Amino acid sequence: MFASRPRTALIASHDNKKSAMMLSVFPVLLLALSAHAASLLTLQSPRFTVTDGTGKQLRAGPLSLTQKPSPAITLNTTDTLKVTFQVVDKDSGNGVQPHQTFLRFYDAKSGEEGIQPVRVTAGGKAKFELNVSKPPLSLPPTSLNDPLSVTLILGSTVYSPLKVDIFDLVLPPSLPVPAHPDEASFHVLPEIQHTFRPEQKLPPRPVSALFSLMVIAPWVVLVGLWSQVSPRPAHLFSPSILPFILTLGAFEVLLFWYWVDLRLGQVLTYGAILGVVTIFTGRNALASIGARRLQGKK
């Protein structure tokens, strides 16, 4: 048990030396990381060139990271803009390929913007061409004499990001957007004005009363004459005559049903069936009445 004390002290001394070494190296690592994180990107030999449709150079000059060219770069419908530069490490001057490189075209008046990616080689060299006759789809709509602010954006996980306003660009006004074939379907349509048939005018009351009396008059005459004859349907509810009376009543019900709900084809179908039944019941009723008359004569 006593022999183990020197060994424990030796291990503790070794751990103390190791901790002291790590503490002495840690500031150096932090300094290196901070120096690496503080690395900046810059542009070397940035330049622009404007040529016309025949390839003739119209304007050229260097680009500055602190001041835009004056006047603004103006392009016509057949001109081409070329922008070249090299992305380098600001400290060492070595070419660097950023992870992301974009040109941002921004219209301060309308708030429209367009982002165009730029291809950069492994050595940091980049070239961008803008042909006005075939503009990229990312280019925002332009109006007359309203310049676009062009900004270069560089992004990297190793270096600090870089954002530089390099120049103002004046482009010909954009053509109007062609109308979509279905565009009219997405506009507010005029209000539909429904036209209703005017209310039917009723005839004067005296005329309506006169025609009502003309309709009722035959029934009044029939009832009056019937009262003079005093018929006595003694055999009206007999088994041979009652089915015929019921079929005649069924026809009246069918006509009323047609007036309420049925269609003409349905009425004809039901009427044909009732007609066949009525023929047989009528013949039976007439035969029964004829037989009674013959028995009465005897």
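A brief structural summary.

About the thresholds
Numbering of residues starts from 1 in each chain and follows the order in which that chain's sequence is written. Local features are withheld for residues below a pLDDT of 70 in this predicted model, meaning they are given only at 70 or higher, and side-chain atom pairs are given and counted only at 80 or more; totals for whole chains, interfaces and linings count all residues. To obtain the side-chain values, all non-hydrogen atoms of the structure were used and water was disregarded. The numbering of helices and of strands both runs from the N terminus, where a helix is a DSSP run of H or I of at least 4 residues and a strand a run of E of at least 2. Here a residue-residue contact requires only that any non-hydrogen atoms of the pair lie within 4.5 Å. To measure how exposed things are, a 1.4 Å probe is used in the Shrake-Rupley method; for residues, cover is taken only from the protein chains shown. Two strands qualify as a pair provided that DSSP identifies no fewer than 2 bridges between them. Think of each axis as a best-fit line through the C-alpha atoms, taken over the contacting stretch in the case of a helix, with angles from 0 to 180 degrees between the N-to-C directions. The salt bridge criterion pairs a side-chain nitrogen of Lys or Arg with a carboxyl oxygen of Asp or Glu, the two atoms within 4 Å. Only protein chains enter the accessibility calculation, which uses a 1.4 Å probe; a residue is then buried when its area is under 20% of its type maximum, exposed when over 50%, and partly exposed in between. The nonpolar core is taken to be a set of buried Ala, Val, Leu, Ile, Met, Phe, Trp, Tyr and Cys residues, with the residues joined through side-chain atoms within 4.5 Å. Aromatic pairing here means that ring centres of Phe, Tyr or Trp (its six-membered ring) are within 6.5 Å. Orientation follows from the plane angle: under 30 degrees is stacked, over 60 is edge-to-face, and everything else is tilted. To estimate the expected span of a helix, subtract one from its residue number and multiply by 1.5 Å. Consider a residue and the seven residues that end there alongside the seven that start there; fitting an axis to each set, the bend is the angle between those axes. In the cavity and pocket records, a cavity denotes points on a 1 Å grid over the protein atoms alone where a 1.4 Å probe fits but cannot get out, a pocket denotes an open set with protein on both sides within 12 Å along at least 5 of 7 lines, and lining residues are residues with an atom within 4 Å of a point. Grid points are joined across faces, edges and corners, and a volume is the space filled by probe spheres set on the points. Residues are grouped as follows: Ala, Val, Leu, Ile, Met, Phe, Trp, Tyr, Cys and Pro are nonpolar; Asp, Glu, Lys and Arg are charged; every other residue, Gly included, is polar. Definition of a polar contact: a pair of N or O atoms within 3.5 Å, with one able to donate and the other able to accept a hydrogen when the atoms are protein atoms, and with sequence-neighbouring residues admitted only if both atoms are side-chain atoms.

**Some words on the overall build of the protein**
Right, so step 1: A tally of regular secondary structure across the protein gives 4 helices and 9 strands.
Right, so step 2: From first element to last, N terminus to C terminus, the protein shows the α and β order α-β-β-β-β-β-β-β-β-β-α-α-α.
Right, so step 3: The contacts of the protein with a sequence gap of at least 6 include a subset with a gap of at least 24, amounting to 62%.
Right, so step 4: As displayed, the protein has an accessible area near 22,800 Å², and 64% of this comes from carbon and sulfur atoms.

**Description of the sheet that holds strand β1 (residues 41-51)**
Right, so step 1: Overall, antiparallel pairing links the 4 strands, which are arranged β2-β1-β4-β7 in an open sheet. Each end of this open sheet is capped by a strand with a single partner; those strands are β2 (57-62) and β7 (125-131). Adjacent strand axes in the sheet meet at a mean angle of 15° when their direction is disregarded.
Right, so step 2: In this sheet, β7 lies alongside strand β4 (residues 80-89) in antiparallel orientation, the contact comprising 7 bridges. Looking at β7, one finds that Lys 82 is bridged to Glu 129.

**Considerations on the pattern of salt bridges**
Right, so step 1: Summed over the entire model, instances satisfying the criterion amount to 4 salt bridges.
Right, so step 2: Between Glu 113 and Arg 104 there is a salt bridge; the shortest N-O distance is 2.6 Å.
Right, so step 3: Glu 113 gets classed as partly exposed once you look at its relative accessible area, which sits at 42%.
Right, so step 4: The closest approach of N and O atoms between Asp 146 and Lys 109, which form a salt bridge, is 3.6 Å.

**Re the side chain of Ser 238**
Right, so step 1: As for its position among the elements, Ser 238 is in the loop between α2 (205-229) and α3 (242-260).
Right, so step 2: Excluding its chain neighbours within four sequence positions, the residues that come into contact with Ser 238 are Pro 243 and Arg 292.

**What about the sheet that holds strand β6 (residues 113-117)?**
Within a beta sheet, neighbouring strands are joined by backbone hydrogen bonds and run either parallel or antiparallel to one another.
Right, so step 1: Spatial ordering of the open sheet is given by β3-β9-β8-β5-β6, a layout of 5 strands whose pairing is mixed. Only two strands of the sheet have a single neighbouring strand rather than two, namely β3 (73-74) and β6.
Right, so step 2: Where strand β5 (residues 100-106) lies against strand β8 (residues 148-155), 7 bridges are found, and the strand directions are antiparallel. Across the sheet, the residue bridging to Phe 102 is Ile 153, located in β8.

**A few points about the nonpolar core**
Right, so step 1: Formed by 32 residues in total, the largest nonpolar core has its most connected members in Leu 75, Leu 81, Phe 167 and Leu 169.
Right, so step 2: Every element with two or more residues in this core is listed here: β1, β4, β5, β7, β8 and β9 (162-170).
Right, so step 3: It is β9 that contributes the most residues to this core, 5 residues altogether.
Right, so step 4: Once residues lying within four places of it in the same chain are set aside, the contact partners of Phe 167 are Leu 63, Lys 68, Pro 69, Ile 73, Leu 81, Val 83, Leu 148, Ser 149 and Val 150.

**Concerning the packing of aromatic side chains**
Right, so step 1: In this structure the tally under the stated criterion is 3 aromatic pairs.
Right, so step 2: With centroids separated by 5.9 Å and ring planes inclined at 50°, the aromatic side chains of Phe 256 and Trp 259 adopt a geometry described as tilted. A residue pair is termed a helical-turn pair when its members lie 3 or 4 positions apart in one helix, as Phe 256 and Trp 259 do in helix α3 at 3 residues. Across the pair, exposure class does not vary: Phe 256 and Trp 259 are exposed alike.
Right, so step 3: The interplanar angle of 10° and the centroid separation of 5.9 Å between the aromatic rings of Trp 257 and Tyr 270 together place this pair among those described as stacked. Separated by 13 residues along the polypeptide, Trp 257 in helix α3 and Tyr 270 in helix α4 (residues 264-297) bring together distant segments of the chain.

**Some words on α2**
Right, so step 1: Here α2 is 25 residues long and its end C-alpha atoms lie 36 Å apart, about the 36 Å a rise of 1.5 Å per residue gives.
Right, so step 2: Of all bends in α2, the biggest is about 35°, found at Ile 216, and the proline Pro 218 comes one to four residues later.
Right, so step 3: Along α2, only 0 of the 25 residues are buried, which leaves the element largely exposed.

**Focus on the layout of surface pockets**
Right, so step 1: There is about 450 Å³ of room inside the largest pocket.
Right, so step 2: Forming the boundary of the largest pocket are 17 residues, of which Pro 135, Leu 139, Thr 142, Ser 174 and Leu 175 lie nearest the centre.
Right, so step 3: In terms of residue class, the lining of the largest pocket is made up of 14 nonpolar, 3 polar and no charged.

**Side note on the pairing of β2**
Right, so step 1: Sheet topology places β1 next to β2; 5 bridges connect them, and they run antiparallel. Residue pairing for β2: Val 50 is matched across the bridge by Arg 59.

**Side note on the environment of Asn 94**
Right, so step 1: Its location among the elements puts Asn 94 in the loop between β4 and β5.
Right, so step 2: In contact with Asn 94, not counting residues within four places along its chain, are Val 87, Val 88 and Asp 89.
Right, so step 3: Polar side-chain contacts of Asn 94 include one of 3.3 Å to the side chain of Ser 92.

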